[in-house]
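Observations on the model geometry
Chain residues, written in single-letter form:
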2 protein chains.
Amino acid sequence: MKKYNLAVLGATGLVGSTIVKILEERKFPVENIYFLASKKSAGSIVNFQNKDYVVEELNEKSFDKDIDIALFAAGGAISEKYGKLAASKGITVIDNSSLFRMDTDVPLVVPEVNADSIKENNGIIANPNCTTIQAVVALKPLDDKFKIKRIVYSTYQAVSGSGLGGLKDLEEGNVECYAHQIQFNALPHVDSFLENGYTKEEMKMIDETRKILKNEDIKITATCVRVPVKYAHSLSINVEFEKPFDIEDVYKVLENAPGVIVRDNGEENLYPMAIDIEGKDSVYVGRIRKDFSLENGINLWVVADNIRKGAALNAVQIAEKLIDLK
Amino acid sequence: MKKYNLAVLGATGLVGSTIVKILEERKFPVENIYFLASKKSAGSIVNFQNKDYVVEELNEKSFDKDIDIALFAAGGAISEKYGKLAASKGITVIDNSSLFRMDTDVPLVVPEVNADSIKENNGIIANPNCTTIQAVVALKPLDDKFKIKRIVYSTYQAVSGSGLGGLKDLEEGNVECYAHQIQFNALPHVDSFLENGYTKEEMKMIDETRKILKNEDIKITATCVRVPVKYAHSLSINVEFEKPFDIEDVYKVLENAPGVIVRDNGEENLYPMAIDIEGKDSVYVGRIRKDFSLENGINLWVVADNIRKGAALNAVQIAEKLIDLK
């Protein structure tokens, strides 16, 4: 089996350290691995497969090494500074930032949904926004079968989406990472505000969902909210289909969908919940029911671990698909 | 000024004790006041206007007293046992439970919205569900102006909606009041599940919104979620209007709406938040923006104190309107 040379940028952060863990768990065929970071984190130790590695400081020459795939999880500024440079050296970059996602020549990939887009890459593949990833894993099989016309998203997002600072604000009742207290609060504010009144996070959900589902005609709106949950984002999704359907068929489609686990039995108080899904790889769907306010509509409750499927796992899955194609 | 004889049922509970506090704050013209409760709470002391009252045990004869208005906040079972009995003795019952809300001969009242319905009462007036109250205060003036066609509700509900037990589960990390841990979690489960896959809470929002807005044609769907917030419910509301509108007019309508305060400036991180609105009387509206996925749609974020405007305050406001009519 061929082995690959990897670089991980930002391996000491919440997403980066989870990438390292998942590469181990899934036995990714690694020949050599390099851990790179900005000055601040350089010199830290990262353990991978029972071996300690010193994190090297990033510079223009970092990408002269023999690297096949570089997993970028060090923030938008690092992606901007080094993303295209790495790609220009023949490295395939899997970028976790929002920087390249909407570029027409950059595939935006959720392997269960559009793995075929990977082969169109020109050196950079973008990992979508966390909330979008879990949404499209659930929505893609439904779109294939019933054709989605419109989506209304309301999110319940965990603080780990903001990294260790978010967790600290929640656990200690601080107001450092967020504009306001998150403990015992609900903040309708994820990422910064745009002139149209939406937040960047809301526009990411709208734009990225369309790009990944390859359907610019889907009407989408979103309200993104941070809640006092540590891990796993929950989404309330209202979907209008073009085609009529039986609710039993919606169940069947979801039960057979790749990456989806249906957990739905009100009588037994069974539905996806953040605390259960922390650390899990699948996207969990429940509260599946017809929306009686529409001719062809449903409501869904969709929960996934925002650090794993919403970021690190999805990036590693992209890398796995990439080497399948090589 | 005429003064009235009141009875408060359930005055030691979260809603009941807030009713007592609000009667004091708003200087309700009280001649005599009686505090009534089931055996469990009888004998407790309630302080009202610097005077201690002993809570009397409820029985069939409790309503032979000279009472003008009885505020019921002791749960559905007590309302069922004593509501109609009290009304039959000429007492006007303002009932906080869901028991009578959908009865065609019982007005369901939010004073800012449909105070006129009060005069149609036959001895019982129902106080609506907490989430519905705050929703309709914001939606009524918009319905008047732009005619609402469809509503999609997603809620972020505080644990105080479940009384002291909910607060205890959140603060201590217990699993007693709820089916699952609420700390660091989001539960898509408020009240019990029905056969159609919705919860009772979701159906209350759907049915009560239509009744209060006096429009059975409005299409409504809802997903109700409990979050780790102590006081104040937040709602993500997506609204489709029949008429076209300028977003500036939506702002103007809301800014001039009775009981509404607009708090909306993304640049300054200004939006309604549960922790700010705890203890406040108004319904706070923010994140007001056009929904680009519809011809005539908007998104709103609506927050109010579920114990005050969502329950106790609304009941006292009904009593105030009632005596205006007497």
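Residues numbered from 1 in each chain as written. Chains lettered and ligands numbered in written order. Predicted model: local features only at pLDDT ≥ 70, side-chain atom pairs only at ≥ 80, totals over all residues. Heavy atoms only, no water.

So, about the UniProt feature "domain: Semialdehyde dehydrogenase NAD-binding" (unreviewed entry) in chain A. Taking the UniProt record as the reference, the feature "domain: Semialdehyde dehydrogenase NAD-binding" (unreviewed entry) is found at residues 5-121 of chain A. Across residues 5-121 of chain A, helical content stands at 25% and strand content at 26%; the span's end C-alpha atoms are separated by 19 Å. (UniProt positions renumbered as here; feature names shortened; annotations may be inferred. Helix = DSSP H or I, 4+ residues; strand = E, 2+ residues; numbered from the N terminus.)

One pass over the full model with this rule turns up 36 salt bridges over all chains. For Arg263 of chain A, the salt bridge is made with Asp276 of chain A, and the minimal N-O distance between the two is 3.7 Å. Remark: Asp276 of chain A occurs in helix H8 (residues 274-277) and Arg263 of chain A occurs in the loop between strand E12 (260-262) and H8; sequence separation between them is 13 residues. Salt-bridge contacts for Lys309 of chain B lead to Glu112 of chain B; the nearest nitrogen and oxygen are separated by 2.8 Å. Linking Lys309 of chain B in helix H9 (residues 308-325) with Glu112 of chain B in helix H3 (residues 111-114), this pair joins segments that are 197 residues apart in sequence. Exposure remark for Lys309 of chain B: the relative accessible area of 1% places this residue in the buried category. (Salt bridge = Lys/Arg side-chain N within 4 Å of Asp/Glu carboxyl O. Buried < 20%, exposed > 50% of the residue type's maximum accessible area, 1.4 Å probe, protein only.)

The interface of chain A with chain B comprises 52 residues on the first partner and 52 residues on the second. Of the roughly 4,400 Å² buried between chain A and chain B on both sides combined, carbon and sulfur atoms contribute 59%. Put simply, chain A and chain B have six salt bridges between them. Here Glu202 of chain B makes a salt bridge to Arg289 of chain A, at a shortest N to O gap of 3.5 Å. In this assembly, chain A and chain B are joined by 37 residue pairs in polar contact (both at pLDDT 80 or more). When contributions to the side of chain A that touches chain B are tallied by element, the ones reaching two or more residues are strand E9 (148-156), strand E10 (219-223), strand E11 (233-241), H8, strand E13 (283-290) and strand E14 (297-304) of chain A. (Contact = heavy atoms within 4.5 Å. Buried area = accessible area lost by both parts, 1.4 Å probe. Polar contact = N/O pair within 3.5 Å; in protein donor to acceptor, adjacent residues only side chain to side chain.)

Moving on, we come to the relation of the copies chain A and chain B. Once chain A has been moved 0.0 Å along the axis and rotated by 180°, it coincides with chain B to within an RMSD of 0.0 Å. Those values place the two copies in the arrangement expected of a two-fold rotation axis. A symmetric contact is evident, with 100% of the interface residues of chain A recurring at the interface of chain B. (Least-squares fit on C-alpha atoms with pLDDT ≥ 70 in both.)

Next up on the list: the packing of helix H4 (residues 130-146) of chain A against helix H6 (residues 200-213) of chain A. Two packed helices can be described by the angle between their axes and the distance between those axes. All names here are of chain A. It is at 10 Å that the axes of H4 and H6 come closest, and there the two elements cross at 40°. Considering the relative orientation of H4 and H6, their crossing is right-handed. Touching Cys130, Thr131, Thr132, Val136, Lys140 and Asp143 of H4 are Glu201, Lys204, Met205, Glu208, Thr209, Ile212 and Leu213, all from H6. When the residues that make up the contact of H4 with H6 are grouped by side-chain class, the tally is five nonpolar, three polar and five charged. (Axes fitted to C-alpha atoms, helices over the stretch in contact; angles between N-to-C directions. Left-handed = near helix turned anticlockwise from the far one by under 90°. Nonpolar A, V, L, I, M, F, W, Y, C, P; charged D, E, K, R; others polar.)

Right, let's talk about the domain arrangement of chain A for a bit. Frequently, the measure chosen for interface size is the accessible area removed from exposure when the parts meet. Residue and element names in this part refer to chain A. By domain assignment, chain A separates into domain 1 (4-127 + 311-325) and domain 2 (131-306). The distance between the C-alpha centroids of domain 1 and domain 2 comes to 25 Å. Listed as interface residues are 18 residues of domain 1 and, on the opposing side, 20 residues of domain 2. It is Leu14, Glu112 and Val113 in domain 1 that bury the most area against domain 2; as a group they hold 36% of the surface buried on that side. (Domains from an automatic or database assignment.)

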